[in-house]
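Spelled out, the chains give:
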Amino acid sequence: MKNTSTIKEFIFLGFPKLPSLQTAMFYMSFTFYTATLIGNSLIIIATIVDNRLHVPMYFFLSNLAFLDIVYTTVTIPKMLLNFLWKSNTISFYACATQMYFFIAFGSIECTLLAVMAYDRYVAICLPLNYVILMETITCITLVFSSWISGFLNSMIHTVLTFHLPYCSSNKINQFFCDIPPLLKVACANTLINKIVLFTVGGIYGLGSFLLTLISYTYIISTILKIRSKEGQRKSFSTCASHLIVVTLFYGTSFFMYLQTTYQSSMELQKLIPVLYTVVTPTLNPIIYTLRNQEFKSVLKKMIEKNLTHKKRITSEYKLC
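Cut-offs used in this document
Residues numbered from 1 in each chain as written. Predicted model: local features only at pLDDT ≥ 70, side-chain atom pairs only at ≥ 80, totals over all residues. Heavy atoms only, no water. Helix = DSSP H or I, 4+ residues; strand = E, 2+ residues; numbered from the N terminus. Buried < 20%, exposed > 50% of the residue type's maximum accessible area, 1.4 Å probe, protein only. Contact = heavy atoms within 4.5 Å. Areas by Shrake-Rupley, 256 points an atom, 1.4 Å probe, with all protein chains shown as cover. Disulfide = S-S within 2.5 Å. Pairing = 2+ DSSP bridges. pLDDT = per-residue confidence, 0-100. Core = buried A, V, L, I, M, F, W, Y, C linked by side-chain atoms within 4.5 Å. Axes fitted to C-alpha atoms, helices over the stretch in contact; angles between N-to-C directions. Parallel < 35°, antiparallel > 145°, perpendicular 65-115°, else oblique. Left-handed = near helix turned anticlockwise from the far one by under 90°. Nonpolar A, V, L, I, M, F, W, Y, C, P; charged D, E, K, R; others polar. Salt bridge = Lys/Arg side-chain N within 4 Å of Asp/Glu carboxyl O. Phe/Tyr/Trp six-rings, centres within 6.5 Å; stacked < 30°, edge-to-face > 60°. Patch = residues over 30% accessible without salt bridge, like charges linked within 9 Å, V, L, I, M, F, W, Y side chains within 5 Å. Expected span 1.5 Å × (residues − 1). Bend = angle between axes of the 7 residues up to and from the residue.

Caption draft 1: Spatial organisation of the overall build of the protein chain. Per the secondary structure count, the protein chain includes ten helices and three strands. Reading the helices (α) and strands (β) of the protein chain from amino to carboxyl end gives β-α-α-β-α-α-α-β-α-α-α-α-α. Put simply, the protein chain has 320 residues, and 45% of those count as buried. Considering only intrachain contacts with a sequence separation of at least 6, the fraction spanning at least 24 residues in the protein chain is 80%. Of the roughly 17,000 Å² that the protein chain leaves accessible, carbon and sulfur atoms contribute 70%.

In structure tokens, the structure reads:
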């Protein structure tokens, strides 16, 4: 990556006029980040240890859980350090690395949600062919393709953004490195970057959204054709959690797009992306576990087994 910048580091502005809000953001981010790590780790562990969850749906869900962990880890730990120690600087190459993985993991989640929608489409609309269409090698290929496409999409935006010269202001009006605030401080014409951002990024995101939308159009159409109300309820319950997560993901993404496209307060422009990166990954495991009886049963069994093991160790220790 060729770089003509004379700036060696960037400074995150945060909320300089509202220090109390910055303190509140620290506690909120720390709480949600801890919940994200615990909730998504439980999903991964449960999927690995219980044979009942060795099916495509939970394979994709465990990948989504891992993705949420690394997605939040890219930005939140640095944000917490900034909030706690008021050390708001980040080196030029650390900023490039952070932005690359932030965009990559966000892109991968977008594609993975489309893959999960396709999985639900096959399960409900083509149940007799599910085992054939969603065999192990197919699931691995779909997940692998999601990761590769996400990294390639991020590579395009990161190279174009950090190829720009940054020679005047190094103050980023955000809590982490993202494309819009970086383009604002570049001392060059950013028209090409904006065109690529809205075309390549738009095609990638819109393509994943359309695949998800088409899948759920067929899913809902098939469910409505089921004569039994109980059959409709059971069929819809298998994809309700994923539908909620998809709505949450694209709803917050659309809201972020609106508040950056149209004029809004600077505080709101900084606050919405933070809530998007902190809150959404925390809600995903909650939504899946609360609405999934099979998963709740596995988690309950894991907790009871762990408590029994601890009691046995404690009783043996007392006997000694």
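Once you've had a look at it, read on.
Caption draft 2: Local environment of the state of the cysteines. Under the defined criterion, the tally for this structure stands at one disulfide. Shown here is the disulfide that connects Cys95 with Cys177, its sulfur atoms set 2.0 Å apart. On the sign convention where negative is left-handed, the bridge of Cys95 and Cys177, at about -125° about the S-S bond, is left-handed. Here Cys95, found in helix α3 (residues 92-125), pairs with Cys177, found in the loop between β3 (171-172) and α6 (179-185); they are 82 residues apart in sequence, far enough to count as distant.

Caption draft 3: Layout of the sheet that holds β3. The strand order across the open sheet built from three strands is β2-β1-β3, with neighbouring strands paired in mixed fashion. At either margin of the open sheet sits one strand with a lone partner, and together these are β2 (89-91) and β3. Looking at chain direction, strand β1 (residues 9-12) and β2 are connected through three bridges and run antiparallel. Counted as the bridge partner of Glu9 is Ser91 from β2.

Caption draft 4: Spatial organisation of the confidence of the model for the protein chain. Across the protein chain, the average pLDDT comes to 81, with 82% of residues at or above 70. Ignoring residues within four places in sequence, the model shows residues 1-5, a span with pLDDT below 50, making twelve contacts including any to other chains.

Caption draft 5: Geometry of the nonpolar core. By size, the foremost hydrophobic cluster in this structure holds 75 residues, and its most contacted members are Phe10, Tyr166 and Leu182. Looking at this core element by element, the count peaks at 18 residues for α3.

Caption draft 6: Looking closely at the packing of helix α2 (residues 56-85) against α3. Running from N to C, α2 and α3 point in directions that differ by 160°, and their axes come no closer than 10 Å. Put simply, α2 runs roughly antiparallel to α3. Crossing geometry of α2 relative to α3 is assigned as left-handed. When grouped by side-chain class, the residues that make up the contact of α2 with α3 number 17 nonpolar, four polar and five charged.

Caption draft 7: Examining the pattern of salt bridges more closely. Summed over all chains, the structure comprises one salt bridge. Between Asp119 and Arg120 there is a salt bridge; the shortest N-O distance is 2.8 Å. One exposure class covers both Asp119 and Arg120, and it is buried.

Caption draft 8: Up close: the pairing of β1. Side-chain alternation along β1 places Phe10 and Phe12 on a buried face and Glu9 and Ile11 on a face that remains uncovered. The pairing of β1 with β3 spans two bridges and is parallel. In the sheet register, Phe12 faces β3, and the bridge partner there is Ile172.

Caption draft 9: Summary view of the packing of aromatic side chains. Tallied over the entire structure, the rule returns 21 aromatic pairs. Plain terms: the ring middles of Phe59 and Phe60 are 5.7 Å apart, the flat faces sit at 55° to each other, and that makes the pair tilted. Linked through ring pairs, Phe66, Tyr100, Phe101, Phe105, Trp147 and Phe151 together constitute an aromatic cluster.

Caption draft 10: Geometry of a nonpolar patch on the surface. A contiguous nonpolar surface patch, about 560 Å² in accessible area, is contributed by Leu206, Phe209, Leu210, Leu213, Ile214 and Tyr218. As for its position among the elements, Leu213 is in helix α7 (residues 191-224).

Caption draft 11: Inspection of the environment of Phe236 at higher detail. With respect to the secondary-structure elements, Phe236 resides in helix α8 (residues 229-261). Classification of Phe236 as partly exposed rests on a relative accessible area of 37%. Residues Phe236 and Leu224, twelve residues apart in the sequence, show an inter-C-alpha distance of 9.6 Å. Filtering out sequence-adjacent residues up to four positions away, Phe236 remains in contact with Ile223 and Leu243.

Caption draft 12: Structural detail: the side chain of Ser154. Relative to the elements of secondary structure, Ser154 occurs in helix α5 (residues 136-162). Among the residues examined, Ser154 registers a relative accessible area of 0% and is labelled buried. Those residues in contact with Ser154 that sit more than four places away from it in its chain are Met99, Tyr100, Ile103 and Ala104.

Caption draft 13: Structural view of the side chain of Asn63. Here Asn63 is to be found in helix α2. Not counting the four nearest positions on each side in its chain, Asn63 is found in contact with Leu112, Val143 and Trp147.

Caption draft 14: Representation of α2. For α2, with 30 residues, the first-to-last C-alpha span of 44 Å sits near the 44 Å given by 1.5 Å per residue. Taken as a whole, α2 carries its principal kink of about 40° at Thr73; the proline Pro77 stands between one and four residues after it. Within α2, 21 of the 30 residues are buried, which leaves it mostly tucked inside the rest of the structure.

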